[in-house]
Each structure stands twice: as structure tokens, then as C-alpha cells.
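Here is how the chains run, residue by residue.
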Amino acid sequence: MEDRYLTFALGKGRLANKTMELLEEIGIHCEEMKDKDTRKLIFADEKHKMRFFLAKGPDVPTYVEYGAADIGVVGKDTIMEEGRRVYEVLDLGFGKCRMCVCGPETSRELLEHHEMIRVATKYPHIAKDYFYNHKHQTVDIIKLNGSVELGPIVELSDVIVDIVETGGTLKENGLTVLEEICPLSARMIVNQVSMQMQTERIRELIGAIKKRL
Ligand code: PRP
């Protein structure tokens, strides 16, 4: 039996469910977590000395950086946006989507001519890095907290930087992908000290998951 719990922080929702499915495949079970009515925030697999808690996606890298969780599962978008000091150890392959610059067709010209444009986004760091460091274009970044597609519709912004999965939201709102920034998917992240102190356990876990991907 291992000496201490290995603690996982999982981004609430689909990512957490997919992660638990994957862990079940390698024999790690947490039945309690499947109870949809539970208000509990933390669950354990006593046999493997593992604990799991659900957190808001953007908080997952925070828990992992500070060591409150040894391991986290969260989208690459969140990892990039939060910029925390954690090791990204594995691409889990689910939750695939793309970070894109989107807008109405009429905004394509603005992007091509490098004009001062307004960009609405939930991801100001990603947008800033893309426009300032990669495109060397000065833009005005406006932070929103969701339903970002509204930006160009109500003329708050010329374009948006957002996640595109099926493209359905864009289509229904008369917008299109103008530029692709990067592909995204769920990643496993590890606390830097845990990686040193629990190397064998964490490596074994990563190895077992890799075999299932
Ligand atoms: C995300 C994203 C897009 C949409 C993309 O929003 O911000 O709006 O999903 O998916 P699609 O290409 O399959 O249509 P989410 O549902 O997370 O909510 P939000 O708008 O509040 O961020």
C-alpha cells in the first residue's frame, strides 16, 4: 500500500467524466463520484490511495502549481491561458478542438492588413501572445466571460479569439474561422515537486494511461 494519497484535480464536466472513464479502464474506480446528486467535492479510491476533486477548469492549474493537487486534467486552452508552473506530461486525446480567430468574412481584410482591430475573448493571454508575439500586430483586447460570439454581432469587436469544436456556434451566428491559432485537447499536468517525490507512481500511471490511448 502506498504511503500517501495522490490527489487529482479535474476540470468539472465532460473532461472529468472522460478522465474517470479512462482511469476505470486501468482499474482505478470511484463509484461515489458517479452519484449526480452528491454535493461532495472530494472522492477517494482507497485501494489505490487516490483522491479526486472537481474544480472550475481555470482553477485546476492553480491547485496543481501549489501542490494542493499532484495531478490535474484540463484543456490545453486553460493551461496556455493560466501560464502556471506545472509539467504538462500527457495529451489525453479527448476534448479535441481548436483555438481560432473568428469573425464575419468582412473582418478578414482587417486581419490581412494588420490594422488596429478589436478582439473580444475569454482568453486575453492567448490572444495577446498570438497577435503581439506571432503576428506583430497591435490590437485592442477586450475580455469577455462567455458567449464571445456576440462580440462582432453587436459590434463590440471586429473579431473574437475562441474555441471552435464543431463550428456550429459560429455558423448559427454568421461567423467563420479566419485564422487558426492552435489545436487543443485535454492534457494531464503534474506538480513539479510531486514529479520528483512520487516519480515512480506518477510514471507508472502515465505509462498505464498511454497504453489505453
Ligand atoms: C464554447 C466556445 C464556443 C463553442 C464552440 O463555448 O466558447 O462558443 O463552445 O463549440 P462549437 O464549435 O461546437 O459550436 P461554451 O459552450 O464552453 O460556452 P461559453 O460561450 O460560455 O464559453
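Note that the structure is predicted; figures quoted are calculated from it, not measured. (Residues numbered from 1 in each chain as written. Predicted model: local features only at pLDDT ≥ 70, side-chain atom pairs only at ≥ 80, totals over all residues. Heavy atoms only, no water.)

A. The site of the ligand, seen in detail. As a matter of local geometry, the ligand sits amid Lys122, Gly146, Ser147, Glu149, Asp162, Ile163, Val164, Glu165, Thr166, Gly167, Gly168 and Thr169. Between the ligand and the protein, one listed contact pairs an oxygen atom with a backbone N or O atom of Glu165 at 2.8 Å. Taking Thr169, its side chain carries an N or O atom lying 2.4 Å from an oxygen atom of the ligand. Bound to the protein, the ligand loses 65% of the 500 Å² it would expose on its own. Secondary structure elements with two or more residues in the shell around the ligand: strand E9 (159-164) and helix H7 (168-172). Ranked by residue count, the leading element in the shell around the ligand is E9, at three residues. For the shell around the ligand, the class distribution of residues is two nonpolar, six polar and four charged. (Near = heavy atom within 4 Å. Polar contact = N/O pair within 3.5 Å; in protein donor to acceptor, adjacent residues only side chain to side chain. Areas by Shrake-Rupley, 256 points an atom, 1.4 Å probe, with all protein chains shown as cover. Helix = DSSP H or I, 4+ residues; strand = E, 2+ residues; numbered from the N terminus. Nonpolar A, V, L, I, M, F, W, Y, C, P; charged D, E, K, R; others polar.)

B. The arrangement of the sheet that holds E9 in detail. Reading across the sheet, the five strands line up as E8-E7-E9-E6-E10 and stay open at both edges, with mixed pairing between neighbours. The two strands at the open ends of the sheet, each matched to only one other strand, are strand E8 (139-143) and strand E10 (176-184). Strand after strand, the sheet turns through a mean of 25° between neighbouring axes, direction not considered. Two strands pair when backbone bridges link them, and strand E6 (residues 97-103) and E9 are joined in this way by five bridges, in the antiparallel orientation. (Pairing = 2+ DSSP bridges. Axes fitted to C-alpha atoms, helices over the stretch in contact; angles between N-to-C directions.)

C. A look at helix H5 (residues 124-134). Taken together, the buried positions of H5 are Ile126, Ala127, Tyr130 and Phe131. Taken around the axis of H5, the buried residues stretch over an arc of 115°, which confines them to a single face. Residues of H5 that are exposed and point more than 90 degrees away from the buried face comprise His125 and Asn133. Taken from the residues just after H5, His136 is the one with a positive phi, measuring 50°. (Buried < 20%, exposed > 50% of the residue type's maximum accessible area, 1.4 Å probe, protein only. Arc of directions from axis to C-beta.)

D. The domain arrangement of the chain, seen in detail. Split into domains, the chain comes out as domain 1 (6-95 + 185-212) and domain 2 (97-183). Taking the mean C-alpha position of each, domain 1 and domain 2 sit 30 Å from one another. The interface of domain 1 with domain 2 comprises six residues on the first partner and ten residues on the second. Note on domain 1 versus domain 2: buried area summed over both sides is about 690 Å², and carbon and sulfur give 50% of it. It is Asp77, Met80 and Glu81 that lose the most area in domain 1 upon contact with domain 2, and together they represent 70% of the buried surface on that side. (Domains from an automatic or database assignment. Contact = heavy atoms within 4.5 Å. Buried area = accessible area lost by both parts, 1.4 Å probe.)

E. Spotlight on the pairing of strand E7 (residues 117-121). Of all five residues in E7, four are buried, a share of seventy percent or more. Bridging between E7 and E8 involves five bridges; their strand directions are parallel. Residue pairing across strands places Thr121 opposite Lys143, the latter belonging to E8. In this fold, E7 hands off to H5, which returns the chain to E8; that crossover is right-handed. Looking at chain direction, E7 and E9 are connected through three bridges and run parallel. In the sheet register, Val119 faces E9, and the bridge partner there is Val159. (Right-handed = clockwise from strand over helix to strand, strands pointing away.)

F. Layout of the pattern of salt bridges. Inspection of the entire model under this criterion finds 13 salt bridges. Between Glu24 and Lys34 there is a salt bridge; the shortest N-O distance is 2.6 Å. Taken together, the residues Glu24 in helix H1 (residues 14-25) and Lys34 in the loop between H1 and strand E2 (42-45) connect sequence positions ten residues apart. Its relative accessible area of 46% is what places Lys34 among the partly exposed residues. (Salt bridge = Lys/Arg side-chain N within 4 Å of Asp/Glu carboxyl O.)

G. Region of interest: the packing of aromatic side chains. Using the criterion set out here, one finds three aromatic pairs in the structure. Look at Tyr130 and Phe131: their rings are 5.2 Å apart centre to centre, the planes differ by 75°, and that puts the pair in the edge-to-face class. Given the relative accessible area of 12%, Tyr130 is considered buried. Phe131 gets classed as buried once you look at its relative accessible area, which sits at 0%. The aromatic ring of Tyr5 is capped on one face by Lys49, whose charged end is 4.4 Å from the ring centroid. (Phe/Tyr/Trp six-rings, centres within 6.5 Å; stacked < 30°, edge-to-face > 60°. Lys NZ or Arg CZ within 6 Å of the ring centre and 35° of its normal.)

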